[in-house]
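Structure assessment
The primary structure of each chain is shown beneath.
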Amino acid sequence: MNKTHRVPSSRSLSAVEVKSKFGAEFRRFSLDRSKPGRFDEFYGLLQHVHHIPNVELLVAYADVHGDLLPINNDDNYHKAISTANPLLRLFLQRKEEADYAAFGTDSLTRKKNTVLSAVLLRPDANKKKPPVIISLPKDFRPVSSIIDVDILPETHRRVRLYKHGQEKPLGFYIRDGSSVRVTPQGLEKVPGIFISRLVPGGLAESTGLLAVNDEVLEVNGIEVAGKSLDQVTDMMIANSHNLIITVKPANQRNNVVRCGGGGGAASGSSGRSSDSGASYYGYSAHGAVASMPTHIIQNFSAGELESDEDEDLVIEAGGEAEAIRHAPSDYSIPSVPRYEPHLNLRSHFSSAYSINANGTLHGSGSSGSPNNINANSASPSPDRAKERRSLEEDGTVITL
Amino acid sequence: MKRFRRHAHESQRERLKQELFHFNKTVEHGFPHQPSALGYSPSLQLLAIGTRSGAIKLYGAPGVEFMGLHDENAAVTQVHFMPHQVELVTLLDDNSLHMWTLRGHKGISELLEIGRFMLTGPPGAPPSVTSVTAVLAHSSGELLLLGTEGGHVFVVEVPGFRELEERNISLDQITNSIPDDYLGRRNLEHVEALVENPINPSQVVIGYGRGLMVIWDLEKKNAVQHLPATQQLESMWWTEDGSHILSSHSDGSYCRWRVGGPEEEEEEEEKSDIPYGHFPCKAISKIVQLPTEEGPPFLLFNGGMPRASYGDRHCITVIHGKTHVALDFTSRIIDFFVIRSGPQHTGDPSALVVLVEEEVVVIDLQTEGWPVIQTPYLVPLHSSAITCSHHVSAIPLKLWERIITSGELQNAHYSKKPWPIMGGQNLAPDPPQRDLLLTGHEDGTVRFWDASGVCLKPMYTLRTATAFHTDADPNDNMNPSAEGEWPPFRKVGCFDPYSDDPRLGIQKIHLCKYSGHLAVAGTAGQILMLEPNDEAAEHTVETKVVDLLQGQEGFRWKGHTRLNVREDPVEFPAGFQPFTLVQCQPPAVVTALSLHSEWKLVAFGTSHGFGLFDYQQNNNVFVRCTLNPSDQLALEGPLSRVKSIKKSLRQSFRRIRRSRVSLRKHHANNAAKIQEANARMEAELAEMELAPVQRKIEARSSDDSFTGLVRTLYFADTFLSDSTHHTPSLWAGTNGGCVFAYMIRLPAIEHRADEPVTAQPAKEIQLMHRAPVLGIVVLDGHGAPLPEPLEVAHDLARSPDMQASHHVVVTSEEQFKVFTLPKVSSKMKLKLTAVDGSRVRRVGVAWFGSSRTEDYGESGLVVLTNQGDVHVVSLPHVKMQVHYPCIRREDVSGIASCVFTRQGQGKHGSRPSLSGVLPRADLSVLRQAST
């Protein structure tokens, strides 16, 4: 369509050439590489150039490796701009017709396979399938997490398992046993509850955070000491939609990380970023754990521990099924719980980005103005997160 | 207002709580679990029963009960009242002796332990020397003679338990006195029995296990006479005139020995007899002979049955002149005693009291035919296994009298004699109201008990089996023994744990105390509607079959078939008579039942669904199938499979019992085999330790089995469609955490008989945690539970507030949830399982009156958890108020059988299938103050 051939100029080095495809139509324009602006501005621009002001879009680009990757926030937008070499090829889709299967490694060359199965498949470290399918960030959801690392003793681990719908069984068994405690009277053998078996393919096994013979100390913040096996079983089942168990892992070698990582708590707090998470997994002995993409290290407030995700379904006479819920929600599927931690994840990412960006910008010795831009670009995101969190807090008060 | 109080005056609330809730374990109903010893004091007229768990219970006149518990958790093996004293001595199987007394205190007596004693032998002696085998409470009331396994007799002064060493009778003293010709002076073995001479307190007879009996003079400290029996000794009895000693032996024989001077020694073994002789017999474990004023004496003994043919019978033989009866009991005999008439209790025998493992039977020995005297207490609630229970409080007098009259007609075969044990005085005031406990049994009977007072009195028994054709021959074991049968058996006692058709079992009962309508539902999907009739009547029962599957395809019921209804008119005795039968199809166990007598509707549920039946028009209103199509178990009826396992178990037990006798003959050959089996068992045990019990952690899902099983049904007049019109409604809760609400349209009263009742689905709530729904209660505008049907019409309850909005409280196994009505949205909840790991087993609504003021009270949910704790949860705010441990968590059936009364009592049958003790836990102070 637009056949004007651009001669590379000195100016074009700092400009990014954009070729945007929506349906059968192409639009070409350019952007300033150093001042890419925010994603929402860019999004508006795309709607403008394609003359589709009210169409919800899914924006994707082809990266240097030929992978089709999504652009839906400032971070990946900036990444796309910075890696454009020099042409940025954009592919726009209507959101309602979006084909998520298209994303991923070699996605542009690969033949599209059935859409639904691809949507359901989430990255699973244990399956050694070469093409890792990357879905949209909104499809990322935590399956498990290690929480409260900063307040728990190093020998303990607090694991949160998220049970979404009916997909995967929690998949573990517990048993009675005895453990040795240090008491003022000396060593004492006390009864305890232990994990006795992991079901292959179950949630517990696939997270790699729980292992056979780990001692269960708490269930959702309540100590299990003095409770019978049946009581603990019932507690776990009652909390199964959002199970937080504190264990004393049988294999204590993995705990070296935090002491050996240098600086202890200080380094932990300063590096509360994706990097430190990576280093954590780097140290850990489990290969499977190291490659888990969905683990998040984060702190949960007490309110979040209490947060309850069981929404009863009410069918009024002749009416549609509706979930009882008071808090407004972005997600329309009633049976799928909210993934608030995901928001935290994003705010971590953005702050991490801003730090890194500052570093590079300082290195390049440019003026202060980009700093401001970066500051601007970074600031809305925590704000939004804060907004959301306050909503969420309301949610815990009102929700069932 | 309540909310304000709660937030503003936390401490005031605490005080209020103390005024409202008070937990008291009051009484245990029914028969003590595992009795192990019996004692009787003729002077006090008190009966004492010791149990294997170390409890000691005293019973006198109806209502007079004392209970004590030994600190040691050891079985009580012997109970002896000190003659003419208020003390009693118990021997435990840890060889400790305990002295108990009844002490007056503020006008009431209480049972107190005042001393304990453990026999200490000489240093270095083996423990067998001091292991007590026989106890004699001497008539002086000051001495206790203790025979031991080592063969010594120790003399102890009571009540202080002071050993009188100089009076001990050592084995050496005895052996020195034995004539040289006695069987080569073999070991005499342990002291089996000690008996005092009734006319000479200084003489006692010491019976040794080997058979030798020595009459010993306590004063002169020498042997008076030797009675050299050749068989192992079981028991002795010294006749009242002091002239003879009876000894019973392990070979089923008894001997009569003449007591006299040495000059009569040639007459020694005067009479020896094996009453059921010729073939080897079992031991006679106790023998009693009592004289009568005129005529022959009574001879009573326990056991002695021919080993091969009747070795498994539990019999007491009574011989009086030409009358000879072998009373045949249904469970093992613990002990027996005879009550004698006359002011000094020395007259003719008047009653025989037998303690068997499962009941107490009292036989009137003065009335022709020796009929049984009906027991006013200690009744085995579990004569047939209890399958359900239902409590109704404040019964109107009219219905009460009708039940009593019907009951009296049934009890014609009992003795007219009053209860012979009348010790003590019942100080409890008359109960403030008439309470009824209904128990459903496995054999299809419903028993009505007077539960108003302390003791549970049987009132009336309803048999539902008469409406059906059953395989069991009703005259099966009621047959009087054929002429000339030997031994002359006579069945006594009502304990019969074997039901011949488990389908008759009663699962749910609902009685409306105002209309007298009774709904009874059973194992084979049968729901009988009954009403009281003062006269016997003959009529047919109309049957309506209700298909709960509603044409769902691909289901095959593999469980039991439905019961066959008698199509010809049946003669029903006076009492409750069935008029309609609703038969669920498939005939699965009825799991929920609710009756609304004002609307004349009955709702019923099984594992397949639920239905609503109009019993005025005899018409089914609607049926709802709750079955999950993937639920195979529910389709095939595994409950029935369990039943059939039970049945086959029962049969095999019966076989074992029969074959045990023959087995014993091959005992020697089998010793090696037994050893082998033991070794295998040990290996298995070791293996079990290696692989401990583990529990799967998995979220409940809709695919679990029995999610469709209906757990609870509830009628309410409330707001379902909009907030201005309230309508009758039916609520149902399932095992899968689902709640259904149906709106019912009742025709106007004048058209009630001809216009149909209709219903339409209104709400469906799926609890996300999917735990079984155990209870549904609708609260009125004041937050108070809706009254029961007809309560308002009879001016017994305030009419509910229909102005403000209603709420529905759904209790699941895991949490309590309050929803608003008519738009269902969750308002409040209280989690239980997620917090402390206990699950709700039983829930009831109760009224708690304040102990301080008459006019204040609150309604609350009373909850029993699987940990055996009782919780009180406030309404309508579902806040935990108090909790108390009530039942041991191991007592699963006790927990399962708990019923709560509206006044806040909890009643439960502790192991109803085995013992049927119903300890009643009293929760409300008001109730406590008034009893």
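Here is what the cut-offs are and how they apply
- Residues numbered from 1 in each chain as written.
- Chains lettered and ligands numbered in written order.
- Predicted model: local features only at pLDDT ≥ 70, side-chain atom pairs only at ≥ 80, totals over all residues.
- Heavy atoms only, no water.
- Pairing = 2+ DSSP bridges.
- Helix = DSSP H or I, 4+ residues; strand = E, 2+ residues; numbered from the N terminus.
- Axes fitted to C-alpha atoms, helices over the stretch in contact; angles between N-to-C directions.
- Expected span 1.5 Å × (residues − 1).
- Buried < 20%, exposed > 50% of the residue type's maximum accessible area, 1.4 Å probe, protein only.
- Contact = heavy atoms within 4.5 Å.
- Phe/Tyr/Trp six-rings, centres within 6.5 Å; stacked < 30°, edge-to-face > 60°.
- Lys NZ or Arg CZ within 6 Å of the ring centre and 35° of its normal.
- UniProt positions renumbered as here; feature names shortened; annotations may be inferred.
- Buried area = accessible area lost by both parts, 1.4 Å probe.
- Salt bridge = Lys/Arg side-chain N within 4 Å of Asp/Glu carboxyl O.

**Regarding the sheet that holds strand E5 (residues 87–94) of chain A**
Residues and elements named next belong to chain A.
- As summarised here, the arrangement of the five strands in space is E2-E1-E5-E3-E4, forming an open sheet in which the pairing is mixed. Looking at the sheet topology across the chains shown, the edges are occupied by strand E2 (25–32) and strand E4 (68–71). For this sheet, the mean angle separating the axes of adjacent strands, direction not counted, is 30°.
- Sheet topology note: the strand E3 (residues 57–62)/E4 ladder contains four bridges and is antiparallel. Counted as the bridge partner of Val59 is Ile71 from E4.

**What about the sheet that holds strand E35 (residues 489–491) of chain B?**
Residues and elements named next belong to chain B.
- Sheet architecture is open: five strands sit in the order E22-E23-E24-E25-E35, paired in mixed fashion. The open sheet has two edge strands with one neighbour each: strand E22 (284–290) and E35. Strand-to-strand twist in this sheet, taken as the mean axis angle between neighbours without regard to direction, amounts to 20°.
- Of the pairings in the sheet, the one linking strand E23 (residues 298–303) to strand E24 (residues 314–320) comprises five bridges and is antiparallel in character. Paired with Asn302 across the two strands is Ile316, which belongs to E24.

**Some details on helix H2 (residues 39–50) of chain A**
Residue and element names in this part refer to chain A.
- Given a rise of 1.5 Å per residue, twelve residues ought to cover 16 Å, and the 16 Å separating the end C-alpha atoms of H2 matches this to within 8%.
- Burial in H2 covers these residues: Phe39, Phe42, Tyr43, Leu46, Gln47, Val49 and His50.
- The inward-facing, buried residues of H2 abut strand E1 (15–22), E2, E3, E4, helix H3 (74–83) and E5.

**Thoughts on the packing of aromatic side chains**
- Considering all chains together, one arrives at 20 aromatic pairs over all chains under this definition.
- Look at B:Phe448 and B:Phe576: their rings are 5.2 Å apart centre to centre, the planes differ by 20°, and that puts the pair in the stacked class. Of this pair, B:Phe448 sits in strand E32 (residues 445–450) while B:Phe576 sits in strand E43 (residues 575–585); the two residues are 128 residues apart in sequence, bridging distant segments of the chain. When sorted by exposure, B:Phe448 lands in the same class as B:Phe576, which is buried.
- When the centroid spacing of 5.9 Å and the interplanar angle of 85° are considered together, the rings of B:Phe610 and B:Tyr742 count as edge-to-face. Within this pair, whereas B:Phe610 is found in strand E46 (residues 609–614), its partner B:Tyr742 is found in strand E51 (residues 738–745), the two being separated by 132 residues in sequence.
- Aromatic rings pair up to connect A:Phe39, A:Phe42, A:Tyr43 and A:Tyr77 into one cluster.
- Directly above the ring of B:Phe336 sits B:Lys286, whose terminal nitrogen or CZ lies 5.0 Å from the centroid.

**Side note on the pairing of strand E54 (residues 807–812) of chain B**
All names here are of chain B.
- Summarising burial for E54: six of the six residues are buried, a large majority.
- Here E54 shows no split at all, with His807, Val809 and Thr811 on one side and Val808, Val810 and Ser812 on the other all buried.
- Both strand E53 (residues 773–779) and E54 contribute to a ladder of six bridges, which runs antiparallel. Note that in E54 the partner of Leu779 across the bridge is His807.
- The pairing of E54 with strand E55 (residues 815–820) spans five bridges and is classified as antiparallel. Note that in E55 the partner of His807 across the bridge is Thr820.
- Following E54, the chain reverses through two residues before pairing antiparallel with E55.

**Topic: the UniProt feature "repeat: WD" (unreviewed entry) in chain B**
- According to UniProt, the "repeat: WD" (unreviewed entry) feature falls on residues 432–450 of chain B.
- In residues 432–450 of chain B, the share of helix is 0% and the share of strand is 63%. The end C-alpha atoms are 13 Å apart.

**Brief notes about the interface of chain A and chain B**
- Residue-level contacts link 40 residues of chain A with 39 residues of chain B.
- The contact between chain A and chain B buries some 3,300 Å² in all, and 51% of this surface belongs to carbon and sulfur atoms.
- Notably, a salt bridge pairs A:Asp234 with B:Arg839, separated by 3.0 Å at the nearest N-O pair.
- Contributing elements (two or more residues each) for the side of chain A that touches chain B: strand E8 (172–183), strand E9 (186–198), helix H6 (229–238) and strand E14 (313–316) of chain A.

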